Amino acid sequence: MDTKHLKQQVAYVRKSLFDQGYLDDQFMQLEDLQDDANPNFVEEIVSSFYSDSARLIHNIEQALARRPVDFSKLDDYMHQFKGSSSSIGAKKVKMECSQFREYCCAGNIEGCIRTFQQLKQEHATLRRKLEAYFQLVRQTGQGETS
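All figures in this text were calculated on a predicted structure; none of them were measured in a lab.

1. Some thoughts on the overall build of the protein chain
Regarding its fold elements, the protein chain presents 6 helices and 0 strands. Each helix (α) and strand (β) of the protein chain, taken in turn from the N terminus, gives the series α-α-α-α-α-α. With the C-alpha coordinates aligned to their principal axes, the bounding extent of the protein chain is approximately 60 × 30 × 20 Å. Burial statistics for the protein chain: of 146 residues in total, 43% are counted as buried. Carbon and sulfur atoms make up 48% of the accessible area of the protein chain, which amounts to about 8000 Å² in all. Taking the 19 positively charged and 21 negatively charged side chains of the protein chain as two groups, their mean positions are separated by 5 Å.

Below is the structure:
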């Protein structure tokens, strides 16, 4: 596949991530920070997010299994998760975090569990989509993705 076609494909995939609501403007702000000195900046930040979020998911799963449920601890974990999601522009993940926190405030364990499953699904979907996107970016040899 020629470079021009690959670059068009990168642009299309990137646009679809925004159009489908997976990413927001924060992702573009990260891209603006990327330069020749650090051509993989965005991918490194996203990779760091997935490392941190794996730990948070584990902590939340453990907290959800404990009785009595400590909604304050769950809310703290989800506050961290929401902040991390916001920092990379993970729009759908961030929205699920907000919903989870609302259920925490209401003391609704069923709502928390249901929303957490949806959050994990959105988290995994975004990961797959971003991995495919970054793979295309690497194939073009371009560091600048915007």
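2. Looking at helix H6 (residues 109-140)
The terminal C-alpha atoms of H6 lie 46 Å apart, and with 32 residues this matches the ideal 46 Å at 1.5 Å per residue to within 8%. Just beyond H6, the residue with positive phi is Gly141, at close to 75°.

3. Side note on helix H1 (residues 3-19)
Along its 17 residues, H1 runs 24 Å from first to last C-alpha, staying within 8% of the 24 Å computed at 1.5 Å per residue. When H1 is considered as a whole, its buried residues turn out to be Leu6, Val10, Val13, Arg14, Ser16, Leu17 and Phe18. Contacts from the buried residues of H1 go to helix H2 (25-33) and H6. Among the residues of H1, the N-terminal cap falls to Asp2, whose side-chain oxygen and the backbone nitrogen of Lys4 are separated by 3.3 Å.

4. A word on the UniProt feature "domain: HPt" (unreviewed entry) in the protein chain
UniProt annotation of "domain: HPt" (unreviewed entry) refers to residues 38-133 when read in the numbering used here. Summarising residues 38-133: 88% helix, 0% strand, and an end-to-end C-alpha distance of 18 Å.

5. As for the environment of Ala54
Mapped onto the fold, Ala54 is located in helix H3 (residues 41-65). Judged by its relative accessible area of 44%, Ala54 falls in the partly exposed class. In the structure, Ala54 is positioned 79 residues away from Tyr133 in sequence and 20 Å away in space, judged by C-alpha atoms.

6. Considering the packing of H3 against H6
Close contact between H3 and H6 brings their axes to 11 Å; oriented N to C, the two are set at 160°. By the criterion of interaxial angle, the relationship of H3 to H6 is roughly antiparallel. Seen along the crossing, H3 lies across H6 with a hand that is left-handed. In this structure, H3 uses Val42, Glu43, Val46, Phe49, Tyr50, Ser53, Ile57, Ile60, Glu61 and Leu64 to contact H6, whose residues at the interface are Ile109, Cys112, Ile113, Phe116, Lys120, His123, Leu126, Arg127, Leu130, Phe134 and Arg138.

Conventions and cut-offs
- Residues numbered from 1 in each chain as written.
- Predicted model: local features only at pLDDT ≥ 70, side-chain atom pairs only at ≥ 80, totals over all residues.
- Heavy atoms only, no water.
- Helix = DSSP H or I, 4+ residues; strand = E, 2+ residues; numbered from the N terminus.
- Buried < 20%, exposed > 50% of the residue type's maximum accessible area, 1.4 Å probe, protein only.
- Areas by Shrake-Rupley, 256 points an atom, 1.4 Å probe, with all protein chains shown as cover.
- Lys, Arg positive; Asp, Glu negative; His and termini not counted.
- Charge placed at Lys NZ, Arg CZ, Asp CG, Glu CD.
- Expected span 1.5 Å × (residues − 1).
- Contact = heavy atoms within 4.5 Å.
- Polar contact = N/O pair within 3.5 Å; in protein donor to acceptor, adjacent residues only side chain to side chain.
- UniProt positions renumbered as here; feature names shortened; annotations may be inferred.
- Axes fitted to C-alpha atoms, helices over the stretch in contact; angles between N-to-C directions.
- Parallel < 35°, antiparallel > 145°, perpendicular 65-115°, else oblique.
- Left-handed = near helix turned anticlockwise from the far one by under 90°.

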